[in-house]
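Single-letter residue listing:
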Amino acid sequence: MPESPPTVANAQKKPHRRLKIGGSVAGGLTVAIIILILLWQWDWFIPLIDRKASLALQRPVSIEHLHVRLGFNTTVRVEGLRIQQPEGFEKEKQDFASAREITVTANIWRYLTGGGLSLPLIRVDTPKGDIVALINDKNNYTFGAPSSAATTQGKADSTPAIPEIGSLEITDADIRVALAKLKTDMHVLIHTTPPKNDEDGTIVVDLKGQYAQAPIEGHIVGGSLHTLTNETRPYPIDGRLANGPTYVTLHGSVDDALHFKGTRLALHFAGPDMARLYALTGVPIPHTPAYNITGKLDYSENAIRFNNFEGKMGSSDIGGDIAVNPHQKPISVNAALHSHTVDLQDLGGFIGARTGDAKKTAPPSKNVLPDQKISVPKLNAVNAHLTYHGDHILNKNLPLDNIDTDVKIEDGAIDVHHLNFAVGSGKLASKATLQPSANDQFKTRFQLDVSRMPLSRIMKSTDAFKGEGTIGGHVTLNSTGNSVASLVANGDGGITLVLDRGGDVSALLPDLLGLKLGAAILSAIGIPDRSKLECLVADMPLRNGIVHTNSLLLQTGTTRTTGSGTVSFRDNTLDYAVTTRSIHMQILSLPGAVHIFGPLQSPNILPGAELIGRTAASIGLGVLFPPAALIPTIQLGVGEGSACEKAVREANDNPAAGIAPGNATGKGATSVPRTSVQRGKQPPTKHLSPAQVHAAWKHKHPS
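Residues numbered from 1 in each chain as written. Predicted model: local features only at pLDDT ≥ 70, side-chain atom pairs only at ≥ 80, totals over all residues. Heavy atoms only, no water.

(A) Up close: the overall build of the chain. When helices and strands are tallied, the chain shows 14 helices and 32 strands. Burial analysis of the chain (703 residues in total) assigns 40% to the buried set. Counting only carbon and sulfur atoms, one obtains 59% of the accessible surface of the chain, whose full area is about 39,100 Å². (Helix = DSSP H or I, 4+ residues; strand = E, 2+ residues; numbered from the N terminus. Buried < 20%, exposed > 50% of the residue type's maximum accessible area, 1.4 Å probe, protein only. Areas by Shrake-Rupley, 256 points an atom, 1.4 Å probe, with all protein chains shown as cover.)

Spelled out as structure tokens, the structure:
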């Protein structure tokens with residue numbers, strides 16, 4: 001049967017049913033929203049956040065609770081944050097980082113309207129950290145290299161703007177820093193103080209533990225983070241730091257600290273040895289005596305500057321300017337230093353002598369030359385240019401007038417442009433280059449030029465010394481080594497020095513030899529007191545660390561002394577013979593060789609066979625017939641001759657140092673005594689008759 005058409009009642013029921021269903025759905029949604037609001041927990045997002053954070057930081061991350069309060073100023077609070085150690089550091093006793101609670105408030109409306117990121121509040125409660133670097137350079141704070149795309153993008157983008165931070169609150173932060181190579185294990189404790197009256201709050205940092213194998217204590221108070229990011233307000237700093245016996249204080253303010261606009265900081269540091277500052281500054285400094293220095297610290301985008309500093313180093317004053325560029329690799333250092341009065345002993349560490357800590361801890365050395373090794377890793381850590389001038393030198397053994405030097409270190413190589421000393425009207429000028437070689441050695445070329453150095457200025461016994469002689473010549477060295485001692489022990493070169501008319505030899509020789517037994521040598525070789533020195537020529541080649549003798553001549557008005565033998569810097573010994581002959585006939589003189597041998601620090605002196613024979617003969621004849629005892633003491637004389645002139649000529653023609661002394665001892669040619677004896681011929685020998693011997697005896701003993 002065909003369907004009957006819908007009635008009006010049925011048509012009215014359908015919209016009613018739809019409204020009823022819609023109302024039920026809307027009611028259900030409303031109830032669901034109400035229930036969701038009532039039951040909503042931001043903790044539901046924790047698994048997602050943990051997973052994303054762990055992937056980004058490459059180590060497990062977890063939080064216990066997450067709270068968010070939405071609004072124009074949205075606040076996010078995280079409780080129980082833990083960032084565990086990365087792979088390879090699971091044995092560490094504490095997490096890489098943790099915090100009881102972290103709260104951050106962000107001004108969302110300002111950010112959405114293009115006003116930049118503003119964080120009115122950052123609050124961190126009891127944060128802890130564990131920063132570790134192992135001896136093999138593996139560490140737990142490297143998060144992996146960024147991808148090439150990210151790197152490229154980072155280079156193209158400008159530096160992100162620093163967010164505006166209203167208030168930073170830190171409570172009981174404790175960050176452990178353990179760096180095996182630096183032998184460091186210390187705690188950095190941080191907390192903030194709230195603003196009080198019209199004063200801003202502060203950030204307080206305390207250090208305690210061990211740094212560079214020495215106890216460290218520090219207390220640093222800085223301005224608030226708001227002041228740090230404020231370009232118009234100076235940022236105050238007041239701190240003190242003690243690393244073992246090294247003490248540093250810093251006080252003043254920084255203008256626009258984040259953009260390096262300038263400083264007004266006073267830096268003071270003191271300690272027993274500047275070499276200890278390497279751990280704090282990364283700048284290698286040789287060992288020094290105790291120091292106490294104050295100056296002004298400044299910095300810009302390219303350099304940290306320590307300007308107009310003054311102080312004491314040992315018994316010397318020291319001052320100048322130092323600029324360090326930490327952005328270059330290796331770091332760059334430029335130093336212009338000066339002293340009004342300097343004791344050369346205070347600078348001994350710069351040539352490898354043991355001073356400061358090195359002098360206290362080093363075992364006794366058999367080397368007579370400085371044997372402190374040059375630290376290749378430290379040299380490679382810095383490129384430096386140093387100039388230094390000392391106006392007046394204090395030195396017990398060699399009273400020089402001043403010192404001037406210019407040294408450059410680049411890529412581990414040392415270039416001493418000059419190291420000069422003024423000595424009256426004379427000069428000691430040296431230069432050297434040290435190029436890195438295998439096994440931490442240095443290929444070295446060294447040259448010392450001695451020019452017209454007045455002998456009277458280098459004598460300790462100035463009251464007894466008479467004479468205006470001058471010394472000139474050269475010293476050269478080519479070698480490979482890593483200290484002054486090893487360079488000489490392995491080296492080739494030579495010494496060519498000429499002393500012209502030196503005055504009083506009895507005062508001269510002990511000082512020149514630098515030996516405590518100098519006077520004993522003079523006595524042993526028969527040089528009388530107050531002898532007038534005519535000349536001294538030393539032409540001595542250095543071959544593989546051993547000094548040989550081409551010529552060693554010392555001539556007085558009455559005697560001529562020659563030397564032969566070797567001095568070994570390989571084992572710090574000498575085997576030398578010094579022979580004195582009378583120029584004129586003498587009685588009561590025992591001529592002959594004197595042997596000097598053994599360790600350089602304490603050599604032995606032994607008369608030669610001739611001297612022993614003459615002494616024994618004199619004693620024997622004296623027993624048989626007393627007047628005959630004089631016979632072995634008679635020297636017939638070698639004659640005045642031209643020994644000085646000849647020795648100087650030979651030194652100029654074939655100098656052991658490779659450079660002729662020329663006129664380095666005075667104006668024009670060297671003034672050596674000249675006689676009528678022709679060059680190259682031996683002086684005539686004088687023979688005494690028995691009558692002359694008897695007459696000489698009666699003259700000595702008229703009674």
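That shown, we press on.
(B) Structural view of the pattern of salt bridges. Within this structure, the stated rule accounts for 12 salt bridges. Of the charged contacts in the structure, one is a salt bridge between Glu-92 and Arg-176, with a shortest N-O distance of 3.1 Å. In this pair, Glu-92 is assigned in the loop between strand E3 (73–83) and strand E4 (97–107) and Arg-176 in strand E8 (residues 173–179), connecting sequence segments 84 residues apart. Its salt-bridge partner being Glu-410, residue Lys-408 comes within 3.6 Å of it at the nearest N-O pair. Among the charged side chains, a salt-bridge network with shared partners connects Glu-92, Asp-130, Arg-176 and Asp-185. (Salt bridge = Lys/Arg side-chain N within 4 Å of Asp/Glu carboxyl O.)

(C) Structural view of the environment of Asp-206. Along the chain, the position of Asp-206 falls in strand E10 (residues 202–211). Aside from chain neighbours lying at most four places away, what touches Asp-206 is His-187, Val-188, Leu-189, His-191, Gly-218 and His-219. Separated by 2.6 Å, the side chains of Asp-206 and His-219 make a polar contact. (Contact = heavy atoms within 4.5 Å. Polar contact = N/O pair within 3.5 Å; in protein donor to acceptor, adjacent residues only side chain to side chain.)

(D) Just the pairing of strand E19 (residues 382–394), in detail. Bridge count between strand E18 (residues 331–343) and E19: 12 bridges; the pairing is parallel. Along E19, the bridge assignment pairs Ala-336 with Thr-387. By the bridge criterion, seven bridges tie E19 to strand E20 (residues 402–410) in an arrangement that is antiparallel. Within the sheet, the bridge partner assigned to Leu-386 lies in E20 and is Val-407. (Pairing = 2+ DSSP bridges.)

(E) Region of the structure containing the side chain of Ser-332. If you trace the backbone, Ser-332 turns up in strand E18. Look past the residues within four positions of Ser-332 in its chain and what remains in contact with it is Ala-323, Val-324, Asn-325 and Asn-383.

(F) Just the packing of aromatic side chains, in detail. Under the definition given, this model contains five aromatic pairs. Geometrically, the ring pair formed by Phe-72 and Trp-109 is edge-to-face, given 5.5 Å between the ring centres and 70° between the ring planes. Of this pair, Phe-72 sits in the loop between strand E2 (65–69) and E3 while Trp-109 sits in helix H3 (residues 108–112), and the two are 37 residues apart along the sequence. Each residue in the set Phe-269, Tyr-291, Phe-306 and Phe-309 is aromatic and connected to the rest through ring pairs, giving one cluster. A cation sits over an aromatic face here: Arg-59 above Phe-96, 4.9 Å from the ring centre. (Phe/Tyr/Trp six-rings, centres within 6.5 Å; stacked < 30°, edge-to-face > 60°. Lys NZ or Arg CZ within 6 Å of the ring centre and 35° of its normal.)

(G) How the structure looks around the nonpolar core. Of all hydrophobic cores here, the largest spans 54 residues; its most connected members are Phe-269 and Ile-403. Core analysis: the second largest hydrophobic core is formed by 29 residues, Val-382, Val-416, Met-540 and Tyr-576 among them. (Core = buried A, V, L, I, M, F, W, Y, C linked by side-chain atoms within 4.5 Å.)

(H) The arrangement of helix H2 (residues 46–57) in detail. A rise of 1.5 Å per residue sets the reference length of H2, with its 12 residues, at 16 Å; its end C-alpha atoms lie 16 Å apart and thus fit the reference within 8%. The first or second residue beyond H2 is Gln-58, which carries a positive phi of 60°. (Expected span 1.5 Å × (residues − 1).)

(I) Structural detail: the side chain of His-474. Positionally, His-474 belongs in strand E24 (residues 470–481). Separated by 2.7 Å, the side chains of His-474 and Asp-449 make a polar contact. In this structure, His-474 is in contact with Leu-448, Asp-449, Gly-494, Ile-495, Thr-496, Leu-497, Ala-657, Ile-659, Ala-660 and Pro-661, ignoring residues within four places of it in sequence.

(J) Seen up close, a nonpolar patch on the surface. Judged by side-chain polarity, Trp-44, Phe-45, Leu-48 and Ile-49 come together as a nonpolar surface patch covering roughly 350 Å² of accessible area. Note on placement: Ile-49 falls in helix H2. (Patch = residues over 30% accessible without salt bridge, like charges linked within 9 Å, V, L, I, M, F, W, Y side chains within 5 Å.)

(K) Local environment of the pairing of strand E17 (residues 316–325). Summarising burial for E17: seven of the 10 residues are buried, a large majority. Pairing geometry for strand E16 (residues 304–313) and E17, over eight bridges, is antiparallel. Across the sheet, residue Gly-311 finds its bridge partner in E17, namely Ile-318. With antiparallel pairing between neighbouring strands as the criterion, E16 and E17 make up a hairpin whose turn holds two residues, including Gly-314 at a positive phi of roughly 65°. Here E17 pairs with E18 via seven bridges, running antiparallel. Bridge assignment links Gly-319 to a residue of E18, and that residue is His-338. Connecting the antiparallel pair E17 and E18 is a turn made up of five residues.

(L) Main features of unusual backbone geometry. Looking along the chain, the bond that leaves Lys-329 and enters Pro-330 is cis, with omega of -5°. Examined against the element boundaries, Pro-330 turns out to sit in the loop between E17 and E18. A positive phi angle, near 75°, is found at Asp-137, a position not held by glycine. Looking at the secondary structure, you find Asp-137 in the loop between strand E6 (128–133) and helix H4 (148–156). A relative accessible area of 49% places Asp-137 in the partly exposed class. One non-glycine residue with positive phi stands out, namely Asp-411, at about 55°. Residue placement: Asp-411 occurs in the loop between E20 and strand E21 (413–423).

(M) The environment of Gly-412, seen in detail. The topology assignment puts Gly-412 in the loop between E20 and E21. C-alpha separation for the pair Gly-412 and Ser-375, spaced 37 residues apart in sequence, amounts to 9.6 Å. Excluding its chain neighbours within four sequence positions, the residues that come into contact with Gly-412 are Leu-379, Asn-380, Pro-436 and Phe-442.

(N) Molecular detail of the confidence of the model for the chain. Summing up the model confidence of the chain, the mean pLDDT is 75 and the portion of residues at 70 or higher is 67%. Across residues 460–465, confidence stays below pLDDT 50; counting only partners more than four residues off in sequence or on other chains, it has 15 contacts. (pLDDT = per-residue confidence, 0-100.)

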